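Residue-level structural notes
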Amino acid sequence: PENLAESELFGHEKGAFTDAKAKRIGLFEAADGGTLFLDEIASLSPALQAKVLVAIEEGKIRRVGGVSEILVDARVIAASNRDLDALAREGAFREDLFHRLNLLHIRIPPLRERKEDLMHLVEHLGRGLSLRYQIDGFTISEEGKKQILSHDWPGNIRELAHEVERAIIL
């Protein structure tokens, strides 16, 4: 919810809303002097996008229910599974925020475009999950490899990780 997202990002003062029993710093303030990673930034409301823009451009935030501005210096890394450039052109994402965030753009192609990486990822996930479930000798049959390589993985790494975990559990 927008009010929860605002409190998470910018913090809140005691009494700012019903459950605000104590002052709480937000993620921008906690990241002061460091880096803040904002995942799925396209899902922020226009009002929150504006506040994020001010925090990035001016280095100022205001806690929910607060009256004073707080200076913050945080590097922001943002991610989205949607095309922010297209959303900005359509008016569904603030164009000024897009340009502010787009200093360095790194596109990570979906798994369907990286078939050569699939088996390396499966082996890596399998080793970690084998340790977690205390199972020795994670292996993949040739039929399993064919199925992995033939699937498009629309859920990307999350889907792949769940399938590997399912296989280990079963």
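First, a word on scope: everything that follows refers to the structure included in this document. (Residues numbered from 1 in each chain as written. Predicted model: local features only at pLDDT ≥ 70, side-chain atom pairs only at ≥ 80, totals over all residues. Heavy atoms only, no water.)

Within the protein, the secondary structure is distributed over eight helices and four strands. Of the regular secondary structure in the protein, the N- to C-terminal order runs α-α-β-α-β-β-β-α-α-α-α-α. Referenced to the eigenvectors of the C-alpha coordinate spread, the extents of the protein come out at roughly 65 × 40 × 30 Å. Residues counted as buried form 33% of the 170 residues belonging to the protein. The contacts in the protein between residues at least 6 apart in sequence include a share of 65% that link residues at least 24 apart. (Helix = DSSP H or I, 4+ residues; strand = E, 2+ residues; numbered from the N terminus. Buried < 20%, exposed > 50% of the residue type's maximum accessible area, 1.4 Å probe, protein only. Contact = heavy atoms within 4.5 Å.)

In this section: the packing of aromatic side chains. Per the stated rule, a full pass over the model turns up one aromatic pair. Centre to centre, the rings of Phe 10 and Phe 28 are 5.4 Å apart; their planes meet at 0°, and the pair counts as stacked. Taken together, the residues Phe 10 in helix H1 (residues 2-10) and Phe 28 in helix H2 (residues 27-30) connect sequence positions 18 residues apart. Judged on exposure class, the residue Phe 10 and its partner Phe 28 are both buried. (Phe/Tyr/Trp six-rings, centres within 6.5 Å; stacked < 30°, edge-to-face > 60°.)

Another point: the side chain of Glu 29. Turning to its location among the elements, Glu 29 is positioned in helix H2. Taking relative accessible area as the criterion, Glu 29 reaches 18% and is therefore assigned buried.

We now examine unusual backbone geometry. At Trp 153, a residue that is not glycine, the phi angle is positive and equals roughly 55°. Relative to the helices and strands, Trp 153 is located in the loop between helix H7 (142-150) and helix H8 (156-169). For Trp 153, a relative accessible area of 4% translates into the label buried. A positive phi angle, close to 55°, is found at Asn 156, a residue other than glycine. You can see Asn 156 is positioned in helix H8.

Our focus in this paragraph is the packing of helix H6 (residues 115-132) against H8. Contact geometry for H6 and H8: axes closest at 9 Å, N-to-C directions at 50°. With respect to their mutual orientation, H6 and H8 come out oblique. For the element pair H6 and H8, the recorded crossing hand is right-handed. Only Ile 157, Leu 160, Ala 161, Val 164, Glu 165 and Ile 168 of H8 make contact with H6, whose side of the interface consists of Leu 118, Leu 121, Val 122, Leu 125, Gly 126, Leu 129, Ser 130 and Arg 132. By residue class, the composition of the contact of H6 with H8 is 10 nonpolar, two polar and two charged. (Axes fitted to C-alpha atoms, helices over the stretch in contact; angles between N-to-C directions. Parallel < 35°, antiparallel > 145°, perpendicular 65-115°, else oblique. Left-handed = near helix turned anticlockwise from the far one by under 90°. Nonpolar A, V, L, I, M, F, W, Y, C, P; charged D, E, K, R; others polar.)

All right, on to the pairing of strand E1 (residues 35-39) then. Residue alternation in E1 divides its side chains into a buried set, Leu 36 and Leu 38, and an unburied set, Thr 35, Phe 37 and Asp 39. Bridging between E1 and strand E4 (residues 75-79) involves five bridges; their strand directions are parallel. Along E4, the bridge assignment pairs Leu 38 with Ala 78. (Pairing = 2+ DSSP bridges.)

A word on the packing of H6 against H7. Contact geometry for H6 and H7: axes closest at 9 Å, N-to-C directions at 130°. The orientation of H6 relative to H7 falls into the category oblique. H7 is crossed by H6, and the crossing has right-handed handedness. Facing H6, whose interface residues are Lys 115, Leu 118, Met 119 and Val 122, H7 presents Lys 145, Ile 148, Leu 149 and Ser 150. Among the residues making up the contact of H6 with H7, the classes are represented as five nonpolar, one polar and two charged.

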